[in-house]
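So the chains spell out like this:
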Amino acid sequence: MNKVWSSLLRSSTAQWPSVAARSLQMRSFVRTPLCDAISQRPRDLQIGSDQHTRAVSLSRGQLRGSVRAFSSSLFPSESPEQVAAALTKMQKMAFDGDLDAKYALGLAHLNGEMGLTRDLDVAKKWLFEAAEGGNCSAQYKLGTFFLEGKGPDNNPQEAVKWLKMAAEQNEKAAMYQLGVCYEGGVGVEQDFEEAALQFAMAAKQEDLQSLMKLANAYIAGRGVPKDMNKAVDHLRKPARKGVVEAQFVLGYILINADTEFEGVKGNISEGLDSMEQAAEAEFPNAQHYLGWCYLDGHCVEQNSAKATEWFQKAALAGHGPSQLELYKLFSQGEGLEKEARRWLERAAENGVEDAKKRLEELKKEWSGKK
């Protein structure tokens, strides 16, 4: 069986695309559309129709920190006695009408902090009072609460109402989340121009997510005129802050500016640095792209060993296209049939169509040679 697979695999290499054709495939892979990379983090984030998920999840830690910060402002110690004393004082302040205390008390009930049992109804009571009194943090929290809530608490229209109130008070997180709602038509009629406007206002406050969303808009020409130079400008800050999606897209644009993006000043050195930063941070798309660059000598000296190394890193993270590339590489080596077949099967399992087709072809050919 190994001999059959060996002959089949070696004979199949002539069927793989030329360098020029592979270059076209890579551009298609990266730009389908290019801005998709801004919205996806394969390691720990999947954003589908519920585009609000990311902002909500990112805000939870910040919101819980608000309770601790408010408590610490009352009593710096975190001993059980001091926490209890801080809670008593917070409750008194809330009953006396202090909006920040109402907001912090609502969060404490929502998250079950400061010795309180989690109580959704009580949490909503305090958050509503704080929000209706004009506390923009409470307004934002209610907005995200109604976006992620279940049953009657899942109310996108109510969410948008509170997010608008918070955004009007220059709350950048609310501007970002409101932009996401307009972009996806969640709780409001889809409006790409309004989405871009909200992202732009938050981006002025250096909100990294909004900078990436605005770059996305300029790449796609969605809600704003298509402008790759502005996209690059908006990507640089989050890239410098270590946002791997921004590093990947910025790297791709700068590396390929002269050939693919008319009017954009390229910088291959900066682009490769940015791409390598994303790859070193274990972003599979960047690892795959570097593997392709080294395999075909695109803007770097051709190096099959480095190509294999980057493809392996991405493949081990479950990146299907890299798994297929490893199959192609291993299929050309003597005694590597099992390894080649293993990667082909894994690529097929991950839904890579070319891998599924090739696996079926090989199975049929092997069956006919038995």
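Because the structure is a prediction, the values reported are computed rather than measured.

**Comments concerning the overall build of the protein chain**
Next, step 1: Check the secondary structure of the protein chain and you find 19 helices and 0 strands.
Next, step 2: Counting the 370 residues in the protein chain, one finds 49% classified as buried.
Next, step 3: Once local pairs closer than 6 in sequence are excluded, the contacts in the protein chain between residues at least 24 apart make up 54%.

**Notes on the environment of Val188**
Next, step 1: Tracing the backbone shows Val188 in the loop between α9 (172-184) and α10 (192-203).
Next, step 2: Each C-alpha atom of the pair Val188 and Lys161 lies 9.7 Å from the other, and the pair is 27 residues apart in sequence.
Next, step 3: The residues contacting Val188, other than those within four sequence positions of it, are Val160, Cys181 and Tyr182.

**Some points on the packing of helix α13 (residues 244-260) against helix α15 (residues 284-296)**
Next, step 1: Between α13 and α15, the shortest axis-to-axis distance is 10 Å and the interhelical angle comes to 25 degrees. With respect to α15, the element α13 is oriented roughly parallel. Judged by residue contacts, Phe248, Tyr252, Ile255 and Asn256 of α13 engage Asn285, Ala286 and Tyr289 from α15.

**As for the packing of helix α7 (residues 136-148) against helix α8 (residues 156-168)**
Pairs of packed helices are described in terms of their axes, by the angle between the two and the distance that separates them.
Next, step 1: Running from N to C, α7 and α8 cross one another at 160 degrees; their axes reach a closest spacing of 7 Å. Classed by the angle they form, the pair α7 and α8 counts as roughly antiparallel. Classified by chirality, the crossing of α8 by α7 is left-handed. Counted together, Cys136, Gln139, Tyr140, Leu142, Gly143, Phe146 and Leu147 of α7 and Pro156, Glu158, Ala159, Trp162, Leu163, Met165 and Ala166 of α8 form the full contact between these two elements.
Next, step 2: Of the residues belonging to the contact of α7 with α8, the class tally is 11 nonpolar, 2 polar and 1 charged.

**Observations concerning the packing of aromatic side chains**
Next, step 1: Applying the stated criterion across every chain yields a total of 9 aromatic pairs.
Next, step 2: Taken together, the ring pairs connect Phe128, Phe145, Phe146 and Trp162 into an aromatic cluster.
Next, step 3: Here Lys125 stacks its cationic end above the ring of Trp126, 3.6 Å away from the centre of that ring.
Next, step 4: Sitting over the ring of Trp343, Arg342 keeps its end group 4.5 Å from the ring centre.

**Examining helix α18 (residues 337-349)**
Next, step 1: For α18, with 13 residues, the first-to-last C-alpha span of 18 Å sits near the 18 Å given by 1.5 Å per residue.
Next, step 2: Buried within α18 are the following residues: Glu337, Ala340, Trp343, Leu344, Ala347 and Ala348. Around the axis of α18, the buried residues are gathered within 140 degrees of arc, so they sit on the same side. Opposite the packed face of α18, turned more than 90 degrees from it, sit the exposed residues Lys338 and Glu349.
Next, step 3: At the exit of α18 stands Gly351, carrying a positive phi of roughly 85 degrees.

**Observations concerning unusual backbone geometry**
Of all residues except glycine, most have a negative phi; of all peptide bonds, most are trans.
Next, step 1: Positive phi, normally seen in glycine, also occurs at Glu206, with a value near 65 degrees.
Next, step 2: Checked against the element boundaries, Glu206 lands in the loop between α10 and α11 (208-220).

**Considerations on the environment of Leu107**
Next, step 1: By the secondary structure assignment, Leu107 is in helix α5 (residues 99-111).
Next, step 2: As a C-alpha pair, Leu107 and Trp126 span 19 residues in sequence and 8.5 Å in three-dimensional space.

**Regarding the nonpolar core**
Within soluble globular proteins, side chains that are nonpolar generally end up buried alongside one another.
Next, step 1: By size, the foremost hydrophobic cluster in this structure holds 91 residues, and its most contacted members are Phe248, Ile253, Met275 and Tyr289.
Next, step 2: When residues in this core are grouped by element, the largest group, 10 residues, is from α13.
Next, step 3: In this structure Met275 touches Gln247, Phe248, Gly251, Tyr252, Ile255, Ala286, Tyr289 and Leu290, once residues within four positions along its chain are discounted.
Next, step 4: Core analysis: the next-biggest nonpolar cluster, separate from the first, contains 12 residues, Ala86, Ala101, Ala104 and Leu116 among them.

**Structural notes on helix α6 (residues 120-132)**
Next, step 1: Taking 1.5 Å per residue, 13 residues should reach 18 Å; α6 reaches 18 Å between its end C-alpha atoms and fits that length.
Next, step 2: When we look at burial in α6, the residues that qualify are Ala123, Lys124, Trp126, Leu127, Ala130 and Ala131.
Next, step 3: Check the buried side of α6 and you find it contacts α4 (80-95), α5, α7 and α8.
Next, step 4: For α6, the side-chain oxygen to backbone nitrogen distance between the N-cap and Asp121 is 3.2 Å, and the N-cap itself is Asp119.
Next, step 5: Two residues or fewer after α6 comes Gly134, characterised by a positive phi angle close to 105 degrees.

**Focus on the state of the cysteines**
Next, step 1: Taken as a whole, this structure holds 0 disulfides when the rule is applied.
Next, step 2: Its sulfur unpaired, Cys293 is 6.4 Å from the next cysteine sulfur, which belongs to Cys299.
Next, step 3: When its relative accessible area of 0% is taken as the criterion, Cys293 is described as buried.

**Description of the confidence of the model for the protein chain**
Next, step 1: Put simply, the protein chain has an average pLDDT of 82, and 78% of its residues get 70 or more.
Next, step 2: Here residues 1-24 is modelled with pLDDT under 50, and outside its nearest four sequence neighbours on either side it reaches 45 contacts, counting other chains as well.
Next, step 3: Within the model, pLDDT remains below 50 along residues 37-64, and this stretch shows 55 contacts once partners closer than five positions in the same chain are excluded.

**A word on the pattern of salt bridges**
Next, step 1: For the coordinates displayed, the defined rule picks out 15 salt bridges.
Next, step 2: The closest approach of N and O atoms between Lys237 and Glu206, which form a salt bridge, is 3.7 Å. In this pair, Lys237 sits in helix α12 (residues 228-240) while Glu206 sits in the loop between α10 and α11, placing the two residues 31 residues apart along the sequence.
Next, step 3: Overall, the relative accessible area of 24% leaves Lys237 in the partly exposed class.
Next, step 4: Glu206 sits in the partly exposed class, given a relative accessible area of 47%.
Next, step 5: A salt bridge links Glu361 to Arg358, with the shortest nitrogen-to-oxygen separation between them at 2.5 Å. With Glu361 and Arg358 both in helix α19 (residues 353-369) and 3 residues apart, the pair spans about one turn of that helix.

Procedures and definitions
- Residues numbered from 1 in each chain as written.
- Predicted model: local features only at pLDDT ≥ 70, side-chain atom pairs only at ≥ 80, totals over all residues.
- Heavy atoms only, no water.
- Helix = DSSP H or I, 4+ residues; strand = E, 2+ residues; numbered from the N terminus.
- Buried < 20%, exposed > 50% of the residue type's maximum accessible area, 1.4 Å probe, protein only.
- Contact = heavy atoms within 4.5 Å.
- Axes fitted to C-alpha atoms, helices over the stretch in contact; angles between N-to-C directions.
- Parallel < 35°, antiparallel > 145°, perpendicular 65-115°, else oblique.
- Left-handed = near helix turned anticlockwise from the far one by under 90°.
- Nonpolar A, V, L, I, M, F, W, Y, C, P; charged D, E, K, R; others polar.
- Phe/Tyr/Trp six-rings, centres within 6.5 Å; stacked < 30°, edge-to-face > 60°.
- Lys NZ or Arg CZ within 6 Å of the ring centre and 35° of its normal.
- Expected span 1.5 Å × (residues − 1).
- Arc of directions from axis to C-beta.
- Core = buried A, V, L, I, M, F, W, Y, C linked by side-chain atoms within 4.5 Å.
- Polar contact = N/O pair within 3.5 Å; in protein donor to acceptor, adjacent residues only side chain to side chain.
- Disulfide = S-S within 2.5 Å.
- pLDDT = per-residue confidence, 0-100.
- Salt bridge = Lys/Arg side-chain N within 4 Å of Asp/Glu carboxyl O.

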